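# Structural overview for review
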Protein chains: 2
Amino acid sequence: MGTTQLQAAPEPKYWHLKTVLSEALDSEFAVGEILPNERDLAARFGVARATLRQALEQLELEGRLQRRRGVGTTVAPPRVGVAVAATGQDRPGAGSDAWQAVDCAPGAAPAPVAALLDSAPGAQVHVVRRTRVSHGQPVAAELLYVPGSSVPGLGDAEAPCGASRARAVLRELRRLGLDGEDRSVELGSARAEDAKELDRLPGAPVLVVTTRYLSRGATVAVSVATYRADTCRLTFGDTGGVEFDRSLHAQAS
Amino acid sequence: MGTTQLQAAPEPKYWHLKTVLSEALDSEFAVGEILPNERDLAARFGVARATLRQALEQLELEGRLQRRRGVGTTVAPPRVGVAVAATGQDRPGAGSDAWQAVDCAPGAAPAPVAALLDSAPGAQVHVVRRTRVSHGQPVAAELLYVPGSSVPGLGDAEAPCGASRARAVLRELRRLGLDGEDRSVELGSARAEDAKELDRLPGAPVLVVTTRYLSRGATVAVSVATYRADTCRLTFGDTGGVEFDRSLHAQAS
């Protein structure tokens, strides 16, 4: 702890600094506290500012620090576990929905979404926008692509856009009966619109969860949800999800 | 496409550049091709090198570019879907194991792992190291923490370390019978040891998958697995996982 030892594999300078900084965060700073500015920190640890910045980026990736416009760099609270349920209770239209419908508009499915839906590229679909809030914080923004053929009962008389239209599409999905899903999780960067909803800068690291919803073996809707990677830990499983005091990985490293 | 339009919310310069660069990648470059150096690229797009670097970082986050030591920046192949199965077939010790046991040594469980195992901080456990290879590439490095109480049949006569010891621990876990698991996925940065196994620089973005394995309601092992975020898309689900041509999010943005 805190001493420098020669190792078989040379570690980059920023990596060693990250470890030292991490220990300083544990012992000297409280959650929410603002860190000294980069110049002072670089001087204190005797490193170049470029090295310092790399170490701060690492700690941001690990969820230990948050950088916010107009505030500076603060010590982050522990990440919040957000359930990405495989139990079916969170399927679009289900009663216990953690998502809030924002609006709905007709739009073209991007090529990869169209491929998952087995429809022609550029085919018109209903695009439902939803957001997810956890512990009072926006944690995810979603685009849900629903082909017209999945919701044949959707009346033309209803408003063509807006939140009520979104709720109508979700109601029809519930009527259709979703009975399965596939999911993938990958790293991405926040698109400008998502960044605004998530209170982040465009390009901030996000976890992109793509879900293909099935009904009787056919894909009837595709969701592309963008979760804040700084504040969220996605949980999976039947027994309520793994809950930790803080990021396991940060402590284990 | 390619034209600059005034928008209600001003986008950062690097964000616009990212979009332009992304289109150039699609139209002018093949997978594996080396990009021109930063100076030339900055000149071509008429931006400062700092702006260019930010845009390149975004594209790296999205899996479009790879930066490799001694090679430069190349156009990345599409991400590979890696199944993080919930079907139980991939539980440690199961026959269809995608993981290779590397070694095993006694060690202290980090505090959060000890908490999940419901044991005292610093308690000695078996630490099994495993790696996962997909399509000839290392995709994940794992530390599997197994308390002695979970594997009472483990003979003291066997070698205390090494791959054969690791296989003995996995065999005893299979004998115990794992019957459930909880999982979480979060963003992290590669620890030095993991980075070496994954052929990355320490601190590279990774997806950290923490799994708590259960047997008759009790937690009997905890796995902390580090997946390359640049090349992997984690897939979940019963029907084989979502497979795309390329990153959905990159195309959808």
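If you're wondering where the values come from, they're calculated on a predicted model, not measured in any experiment. Here the residue numbers are simple positions, counted from 1 along each chain's written sequence. Whichever chain is written first becomes A and whichever ligand is written first becomes 1, with later ones labelled in order. Since the coordinates come from a predicted model, pLDDT governs what is reported: local features require at least 70, and pairs of side-chain atoms require 80 or more to be given and counted, while whole-chain, interface and lining totals use all residues. Excluding hydrogens and water, the side-chain values take into account all heavy atoms of the structure.

Only runs of H or I of at least four residues qualify as helices and only runs of E of at least two qualify as strands under DSSP, and these elements are numbered from the N terminus. What chain A contains, in helices and strands, is 7 helices and 10 strands. Taking all 253 residues of chain A together, 53% fall into the buried category. In what follows, residue pairs with any heavy atoms lying within 4.5 Å of each other are defined as contacts. In chain A, 61% of the contacts between residues at least 6 apart in sequence involve partners at least 24 apart. Looking at chain A as shown, the accessible area adds up to about 11200 Å², and 51% of this sits on carbon and sulfur atoms. Any residue under 20% of the maximum accessible area for its type is buried, any over 50% is exposed, and the rest in between are partly exposed; the area is computed with a 1.4 Å probe on protein chains only. Computed by Shrake-Rupley with a 1.4 Å probe, the accessible areas treat only the displayed protein chains as cover when residues are assessed.

This part covers the pattern of salt bridges. For salt bridges, the criterion is a side-chain nitrogen of Lys or Arg within 4 Å of an Asp or Glu carboxyl oxygen. Evaluated as defined, the whole model comprises 36 salt bridges over all chains. In this structure, B:Arg44 engages B:Glu28 in a salt bridge whose closest nitrogen and oxygen atoms are separated by 2.9 Å. With B:Arg44 in helix H2 (residues 38-45) and B:Glu28 in helix H1 (residues 13-28), this residue pair connects regions lying 16 residues apart in the sequence. Overall, B:Arg44 belongs to the partly exposed group, its relative accessible area being 47%. Using a relative accessible area of 42% as the deciding quantity, one classes B:Glu28 as partly exposed. With its nearest N and O atoms 3.3 Å apart, the salt bridge here joins B:Arg175 to B:Glu172. With B:Arg175 and B:Glu172 both in helix H5 (residues 162-176), this residue pair falls 3 residues apart, about one helical turn. In this structure B:Glu172 comes out as buried when scored by relative accessible area, which is 5%. Each of A:Glu38, A:Arg49 and A:Arg53 takes part in salt bridges that share partners, so that together they form one network.

By this definition, two strands are paired if DSSP reports at least two bridges between them. Taken in spatial order, the 8 strands of this open sheet run S3(A)-S10(A)-S7(B)-S8(B)-S9(B)-S6(B)-S5(B)-S4(B), and their pairing is mixed. The strands lining the two open edges of the sheet, one partner per strand, are strand S3 (80-83) of chain A together with strand S4 (99-108) of chain B. Averaged over all neighbouring strand pairs, the angle between strand axes comes to 25°, with direction disregarded. Strand direction decides the pairing type here: strand S10 (residues 232-237) of chain A and strand S7 (residues 180-189) of chain B, joined by 4 bridges, are antiparallel. Bridge assignment links A:Phe236 to a residue of S7(B), and that residue is B:Arg183. Angles here are taken between N-to-C directions and fall from 0 to 180 degrees, while the axes themselves are lines fitted to C-alpha atoms, restricted in helices to the stretch in contact.

Residue and element names in this part refer to chain A. Counted residue by residue, strand S7 (residues 180-189) has 10 buried out of 10 residues, so it is predominantly covered. Along S7, one buried face is formed by Gly180, Asp182, Ser184, Glu186 and Gly188 and the opposite face, lined by Glu181, Arg183, Val185, Leu187 and Ser189, is buried too. Of the strand pairs in this sheet, S7 and strand S8 (residues 205-215) are connected by 10 bridges, and their pairing is antiparallel. The partner of Arg183 across the bridge, within S8, is Thr211.

Looking at soluble globular proteins, one finds that nonpolar side chains tend to be buried together. Definition used in this section: a nonpolar core is a set of buried Ala, Val, Leu, Ile, Met, Phe, Trp, Tyr and Cys residues joined via side-chain atoms within 4.5 Å. Membership of the largest hydrophobic core comes to 32 residues, with the highest contact counts inside it found for A:Val185, A:Tyr227, A:Leu234, B:Val185, B:Tyr227 and B:Leu234. If sequence neighbours within four positions are ignored, B:Val185 has contacts with A:Val185, A:Leu207, A:Arg233, A:Leu234, A:Phe236, B:Val208, B:Val209, B:Leu234 and B:Phe236.

With that settled, the discussion passes to the sheet that holds strand S10 (residues 232-237) of chain B. Strand order in this open sheet of 8 strands is S4(A)-S5(A)-S6(A)-S9(A)-S8(A)-S7(A)-S10(B)-S3(B), and the pairing throughout is mixed. With one partner strand each, in any of the chains shown, strand S4 (99-108) of chain A together with strand S3 (80-83) of chain B form the two edges of the open sheet. Across this sheet, the average inter-strand angle for adjacent strands is 25°, counted without regard to direction. Where S4(A) lies against strand S5 (residues 124-134) of chain A, 9 bridges are found, and the strand directions are antiparallel. Along S5(A), the bridge assignment pairs A:Gly107 with A:Val125.

Another aspect to go through is the packing of aromatic side chains. Residues and elements named next belong to chain A. A pair of Phe, Tyr and Trp rings is counted when the ring centres sit within 6.5 Å of each other, with Trp represented by its six-membered ring. The angle between the planes then sorts it: under 30 degrees is stacked, over 60 is edge-to-face, the rest tilted. One pass over the full model with this rule turns up 3 aromatic pairs over all chains. On the numbers, 6.1 Å between centres and 75° between planes, the contact of Trp99 with Tyr227 is edge-to-face. In this pair, Trp99 sits in strand S4 while Tyr227 sits in strand S9 (residues 218-228), placing the two residues 128 residues apart along the sequence. Here Trp99 matches Tyr227 in class, with each residue buried. Lysine and arginine charges are scored as sitting over a ring when NZ or CZ, respectively, is within 6 Å of the ring centre and within 35 degrees of the ring normal. For the cation-ring pair, Lys18 lies above Trp15, with the distance from its terminal atom to the ring centre recorded as 4.2 Å.

So, on to the confidence of the model for chain A. All names here are of chain A. Of all residues in chain A, 85% attain a pLDDT of 70 or more, and the chain-wide mean is 83. Residue-level confidence of the predictor, termed pLDDT, takes values from 0 up to 100. Here helix H7 (residues 248-252) stands out as the least confident element of chain A, with mean pLDDT 42; S9 is the most confident, with 95. Note that residues 1-9 has pLDDT below 50 and, in this model, 4 contacts with residues that lie over four places away or in other chains. Per-residue pLDDT stays below 50 along residues 240-253; that stretch engages in 46 contacts with residues further than four places along the chain or on separate chains. We note a pTM of 0.85 for the whole complex and an ipTM of 0.84 for its interfaces.

With that settled, the discussion passes to unusual backbone geometry. What is expected of a backbone is that most residues other than glycine have negative phi and most peptide bonds are trans. Residue and element names in this part refer to chain A. Here His135, not a glycine, exhibits a phi torsion of approximately 50°, which is positive. Structurally, His135 can be placed in the loop between S5 and strand S6 (137-147). In the Ramachandran plot, Arg216 falls in the positive-phi region, its phi being about 50° despite a non-glycine side chain. You can see Arg216 is positioned in the loop between S8 and S9. Here Arg216 falls in the exposed class, since its relative accessible area comes to 67%.

To continue, consider helix H2 (residues 38-45) of chain A. Counted as a polar contact is a pair of N or O atoms within 3.5 Å, where, for protein atoms, one must be capable of donating a hydrogen and the other of accepting one, and residues adjacent in sequence contribute only when both atoms are in side chains. Where H2(A) begins, the capping side chain belongs to A:Asn37, and its oxygen is found 3.2 Å from the backbone nitrogen of A:Arg39. Positive backbone phi, at 65°, marks A:Gly46, one or two positions downstream of H2(A).

Next up on the list: the environment of B:Ala111. Position of B:Ala111 relative to the elements: it lies in helix H4 (residues 111-116). Separated by 11 residues in the primary sequence, B:Ala111 and B:Gly122 place their C-alpha atoms 6.7 Å from one another.

Let us now look at the side chain of A:Thr226. All names here are of chain A. Along the chain, Thr226 turns up in strand S9. Relative accessible area serves as the criterion here: at 1%, Thr226 is assigned to the buried category. Separated by 3.4 Å, the side chains of Thr226 and Asp194 make a polar contact.

Next up on the list: the domain arrangement of chain A. Residue and element names in this part refer to chain A. Throughout, the edges of the domains are those of an automatic or database domain assignment. When its domains are assigned, chain A resolves into domain 1 (13-75) and domain 2 (80-252). Listed by partner, the interface residues are 7 residues for domain 1 and 8 residues for domain 2. Summed over both partners, the accessible area (1.4 Å probe) lost when two parts come together is defined as the buried area. Carbon and sulfur atoms supply 43% of the area that domain 1 and domain 2 bury against each other, a total of about 690 Å² over both sides. The tally of links from domain 1 across to domain 2 stands at 0 salt bridges.

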